[in-house]
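These are the residues of each chain, in order.
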Amino acid sequence: MEAKRQFTEPFAHSPAHEALLRAGSRIRPLQQAHAHIVVSGSHRSRALLTKLLTLACKAGSIGYAHRLLYSVRNPDAFLFNSLVKASSSSGFAIDTVVFYLRMLQSRVSPSSYTFTSVIKACADLSSLRLGKCVHSHALVSGHGSDRFVEAALVNFYAKSGDLGVARKVFDEMSERTVVAWNSMISAYEQNGCAREAIEVFCRMRERGVRPDSTTFVSVLSACSQLGALGLGCWVHDYIVGNGLDLTVVLGTSLINMYARCGNVSKAREVFDSMSERNVVTWTAVISAYGMHGYGSQAMELFHRMKAHGSCPNNVTFVAVLSACAHSGLVHEGRGEYASMSQEYGLVPGVEHHVCMVDMLGRAGLLDEAYKFTKELDRGEQAPAVWTAMLGACKMHKNFDLGVEVAEHLLAAEPNNPSHYVMLSNIYALAGRMDRVEMVRNKMIRRRLKKQVGYSTIEVDQETHLFSMGDQSHIETDKIYQYLDELMRRCKEAGYVPTPDSVLHELEEEEREYALRYHSEKLAVTFGLLKTCHGTTIRIVKNLRICEDCHLAMKYISSVANREIVVRDRLRFHHFKDGHCSCLDYW
DNA sequence: ATAGGGTTAG
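Residues numbered from 1 in each chain as written. Chains lettered and ligands numbered in written order. Predicted model: local features only at pLDDT ≥ 70, side-chain atom pairs only at ≥ 80, totals over all residues. Heavy atoms only, no water.

Caption draft 1: A look at a nonpolar patch on the surface. Among the surface-exposed residues, I94, V98 and L125 lie close enough to one another that they form a single nonpolar patch of about 230 Å² accessible area. Note on L125: relative accessible area 32%, which makes it partly exposed. (Patch = residues over 30% accessible without salt bridge, like charges linked within 9 Å, V, L, I, M, F, W, Y side chains within 5 Å. Areas by Shrake-Rupley, 256 points an atom, 1.4 Å probe, with all protein chains shown as cover. Salt bridge = Lys/Arg side-chain N within 4 Å of Asp/Glu carboxyl O. Buried < 20%, exposed > 50% of the residue type's maximum accessible area, 1.4 Å probe, protein only.)

Written as structure tokens, this is what we have:
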């Protein structure tokens, strides 16, 4: 403390100090200020050194910060805490841990502030081992039940993939701040557990904790995952009703929610009403149009985005290329792919390659798609790219190429059941039933199971789940009865069930059920029974919609005179008056 | 004269 006073006074408003303040977080001026400090003999001032160190971190010169730290004799708690905080919030997670270890070595006691930053760094690293170690340090040193440390821990365990422990820390908190609730909700949401996220949100409301915009961002993401339009709309009403600021982040979440819950025009409305937009916002609205098959609107917005001076990035190009792929805009897609690197200096990644192969493949340009894939570097020929190629082969019934690609994929990923399913479908299409059998036996030997398909539908804010041939619903009898009637009426209108290859993946006893009772058919029937005329039926499916269901939906939309919106794994289908928005191009 | 927290969007 003596030392502090001694060095504090003489250097106030010294030229060195002023140089430092002027420099801010720019590295060149910082180094000049450093020289100033050394020359003027003020390098013994703790305050100046500490400031210099934190600014070096913020300027991104972490190596410089390390060298500076080396030059300091007996760094104090103030200096270590500043370094730990600055490095952690500037994204230098490993360095934060290094600084923390040096702090321990120097026998300087960490505080609750130290732990929040170090735990945040562990979360960034997703290192369960490291974080657990820091967690125990925090417990031993008596900072384990600080509310900031606890919220950081919830986040850390969630990001490291241990939701159970995240929940345990959360449950054992004595005082849960809104940030703690937000951490837990986002923990579930980010790990794909949207139901649990919403459940925690409900507990939060029961406890009378007032949600803030961060809460809603996570809840809206959960709604997007589930296709829970009802809850999403409730959130939107709440935001408006309570006069919450429609920030860029919140607005972008709303756009995404409406788009992924099937309502593009509401997504557009939100976009139009936003006062501030950034590249993420633009990307969200482009992707909204793209996934609904409105390629030209997506492209129009993309051009508007560029005219507005917003610079597209890698994610934007995924949205743009995928919009082209889903609408058959091959010429535009080729052009944007080229401009991506030529005009924007961006490096196309696996996702962009997938879009290109998908786009060319869907359009029937199988040779070009194949050439595109083959011309990628070996290391860039990711299984996802070949999978897109395989899908194209199946779509255009190219047996020889399909078999070749499938064999290649099976060699690369022998434990991925979807490759086997695809290969067996291709054999089935070619009538090679012996091969179908062989592929299926291979799957059985490897104990691989086809992913189970299911569909959900929301009625009165409640979600109902159906799987194929499902009879677990309370109103099962009514549903099956009505479905049979619907199918009869569809057939009268000209519907002929597709002798689909999917049949061949199934066990004998499942076959009779399969086509007729696919989950989306059950869900749509339930929707027709439970909602009044004029209400759009919205279904969310976890896999791709099959050819027969696609055809049946068209007929159902016509005979029941209803709009039906189906979200499958990749995109939306809007069925109306016997037609689908995808123009059978999916 | 030096720091001061955890949660959020495509």
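Caption draft 2: Inspection of the pattern of salt bridges at higher detail. Overall, the coordinates contain 20 salt bridges when judged by the stated rule. In this structure, R203 engages E206 in a salt bridge whose closest nitrogen and oxygen atoms are separated by 3.1 Å. Within this pair, R203 and its partner E206 are both found in helix α13 (residues 194–206), separated by 3 residues, close to a single helical turn. Judged by relative accessible area, E206 falls into the exposed class, the value being 57%. With a shortest N-O distance of 3.4 Å, R440 and E437 are connected by a salt bridge. Within this pair, R440 and its partner E437 are both found in helix α27 (residues 433–445), separated by 3 residues, close to a single helical turn. Judged by its relative accessible area of 16%, R440 falls in the buried class. With relative accessibility at 37%, the residue E437 sits in the partly exposed group. Overlapping salt bridges bring together E475, K478 and K530 as one network. (Helix = DSSP H or I, 4+ residues; strand = E, 2+ residues; numbered from the N terminus.)

Caption draft 3: Quick peek at the pairing of strand β4 (residues 564–567). The alternating pattern of β4 places I564 and V566 and V565 and R567 on opposite faces, both of which are buried. Sheet topology note: the strand β3 (residues 537–541)/β4 ladder contains 4 bridges and is parallel. Looking across to β4, one finds that V540 is bridged to R567. This β-α-β element, β3 to helix α31 (residues 547–559) to β4, shows right-handed connectivity. Across 4 bridges, the pairing between β4 and strand β5 (residues 572–576) is antiparallel. Paired with I564 across the two strands is F575, which belongs to β5. The turn linking β4 back onto β5 is made up of 4 residues. (Pairing = 2+ DSSP bridges. Right-handed = clockwise from strand over helix to strand, strands pointing away.)

Caption draft 4: Layout of the state of the cysteines. One pass over the full model with this rule turns up 0 disulfides. Summary of cysteine pairing: C122 is not part of a disulfide, and the nearest cysteine sulfur, belonging to C133, is at 8.6 Å. Not engaged in a disulfide, the cysteine C355 finds its nearest cysteine sulfur in C324; these two sulfurs lie 9.0 Å apart. For C355, a relative accessible area of 9% gives the class buried. (Disulfide = S-S within 2.5 Å.)

Caption draft 5: Structural detail: the sheet that holds strand β2 (residues 462–467). Reading across the sheet, the 6 strands line up as β2-β1-β3-β4-β5-β6 and stay open at both edges, with mixed pairing between neighbours. On the outer flanks of this sheet lie β2 and β6 (579–580), each paired with one strand and no other. In this structure, β5 lies alongside β6, joined through 2 bridges in antiparallel fashion. Bridging from a neighbouring strand, K576 pairs with H579 of β6. In the packing of α31 onto the sheet, contacts are made with β4, β5 and β6, and the angle to β5 comes to roughly 35°. (Contact = heavy atoms within 4.5 Å. Axes fitted to C-alpha atoms, helices over the stretch in contact; angles between N-to-C directions.)

Caption draft 6: The arrangement of the UniProt feature "repeat: PPR" (unreviewed entry) in chain A in detail. As recorded in UniProt, the feature "repeat: PPR" (unreviewed entry) lies at residues 177–211, 247–277 and 278–312. Annotated as 74% helix and 0% strand, the span residues 247–277 places its first and last C-alpha atoms 9 Å apart. Structurally, residues 278–312 comprises 74% helix and 0% strand, and the distance from its first C-alpha atom to its last is 10 Å. (UniProt positions renumbered as here; feature names shortened; annotations may be inferred.)

Caption draft 7: Broad picture of the packing of helix α2 (residues 15–23) against helix α3 (residues 27–39). Relative orientation of the contacting elements α2 and α3 amounts to 170°, with a least axis distance of 8 Å. Considering the angle they form, α2 stands roughly antiparallel to α3. Here α2 contributes P15, A16, A19, L20 and A23 to the contact with α3, which in turn contributes P29, L30, A33, H36 and I37. Looking at the contact of α2 with α3 residue by residue, the classes come out as 9 nonpolar, 1 polar and no charged. (Parallel < 35°, antiparallel > 145°, perpendicular 65-115°, else oblique. Nonpolar A, V, L, I, M, F, W, Y, C, P; charged D, E, K, R; others polar.)

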